[in-house]
Amino acid sequence: MPERWGEATRVIASLDDAALIPQSARGKPLANSFNKARDFARELAGRLDAAQSAKRFSVDILINSAYSEAEDLQSVFDTISGIAVRLANSLPHHSSAVVQVIVVVEGRPMVRRVIKLH
């Protein structure tokens with residue numbers, strides 16, 4: 001992770017890597033089909049950093065298609081929302097130019113959550 005991410009690197013390291021695995025899939029072989037929280041957070045931090053540099057107000061990010069069948073997807077979206085806000089606030093620039101993150105389930109463009117950062 002780039003040094004310029006500052007506090008965001010500690011936020012990423014502090015995440016439970018299983019945080020994005022739906023409760024209904026934990027402890028089952030299906031659990032391996034879901035995003036790992038730290039990998040997801042690293043990708044999102046990079047996108048937030050790039051969007052800030054480009055003065056873009058929005059960031060899109062995909063979560064894998066396994067989520068389309070998750071019974072507790074809204075809970076996963078809530079967890080992602082918390083991660084997104086923590087990352088945005090922990091980056092040195094606080095993602096001040098980025099207003100929202102749009103999380104979309106891969107292959108299901110209508111299954112999404114828009115997260116307001118500020």
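Quick note: structure is the one above.
Keep in mind the model is a prediction, meaning the values are calculated, not measured. For every chain, the first residue of the written sequence is number 1, and numbering continues from 1 along that sequence. Local features in a predicted model are, by the rule used here, given only for residues with pLDDT of at least 70; side-chain atom pairs are given and counted only at 80 or more, and totals for whole chains, interfaces and linings are based on all residues. Calculated side-chain values reflect all of the structure's heavy atoms, with hydrogen atoms and water omitted.

> Pulling in residues and values, what's your account of the side chain of Asn 64?
Labels follow the DSSP assignment, with helices taken as runs of H or I lasting at least four residues and strands as runs of E lasting at least two, numbered in each case from the N terminus. Here Asn 64 shows up in the loop between strand S1 (58-63) and helix H3 (73-90). Side-chain atoms alone can form a polar contact between residues adjacent in sequence; in general such a contact is a pair of N or O atoms within 3.5 Å, and within protein one must be able to donate a hydrogen while the other accepts it. A polar contact of 2.4 Å, which involves the side chain of Asn 64, links it to the backbone oxygen of Ser 33. Polar contacts involving the side chain of Asn 64 include one to the main-chain amide nitrogen of Ala 66, which spans 2.8 Å. Two residues form a contact once any of their heavy atoms are found within 4.5 Å. Apart from residues lying up to four places away in sequence, Asn 64 is in contact with Ser 33, Phe 34, Asn 35, Val 105 and Glu 106.

> Go over unusual backbone geometry, please, and point to the residues and values.
Phi angles above zero are rare outside glycine, and Lys 55 is one such case at about 60°. Turning to its location among the elements, Lys 55 is positioned in the loop between helix H2 (37-54) and S1. Positive phi is not limited to glycine here, since Ser 95 has a value of about 45°. In this structure, Ser 95 sits in the loop between H3 and strand S2 (100-105). On the accessibility criterion, Ser 95 (0% relative accessible area) is buried. With a 1.4 Å probe rolled over the protein chains alone, any residue whose accessible area is under 20% of its type maximum counts as buried; one over 50% counts as exposed, and the rest are partly exposed.

> Requested: an account of the packing of aromatic side chains, with residues and values cited.
Any Phe, Tyr or Trp ring, taking Trp's six-membered ring, that has another such ring centre within 6.5 Å forms a pair; planes under 30 degrees apart are called stacked, those over 60 apart edge-to-face, and the others tilted. The final tally for this structure, using the stated rule, is 1 aromatic pair. Considering the side-chain rings of Phe 34 and Tyr 67, the 4.8 Å spacing of their centres and the 65° angle between planes classify their relative orientation as edge-to-face. In this pair, Phe 34 is assigned in the loop between helix H1 (7-14) and H2 and Tyr 67 in the loop between S1 and H3, connecting sequence segments 33 residues apart.

> Describe the pattern of salt bridges, and please don't skip the residues or the numbers.
Within this document, salt bridges are pairs made up of a side-chain nitrogen of Lys or Arg and a carboxyl oxygen of Asp or Glu, the two lying within 4 Å of each other. Counted according to the given criterion, the structure contains 5 salt bridges. One salt bridge in this structure joins Asp 39 and Arg 42, with 2.6 Å as the shortest N-O distance. Linking Asp 39 with Arg 42, this pair stays in helix H2, spanning 3 residues, or about one helical turn. We note a salt bridge from Arg 113 to Asp 78, for which the minimum N-O separation is 2.9 Å. Of the two residues, Arg 113 is situated in strand S3 (residues 108-116) and Asp 78 in helix H3; the sequence distance between them amounts to 35 residues. Take Asp 78: its relative accessible area is 47%, and that puts it in the partly exposed class.

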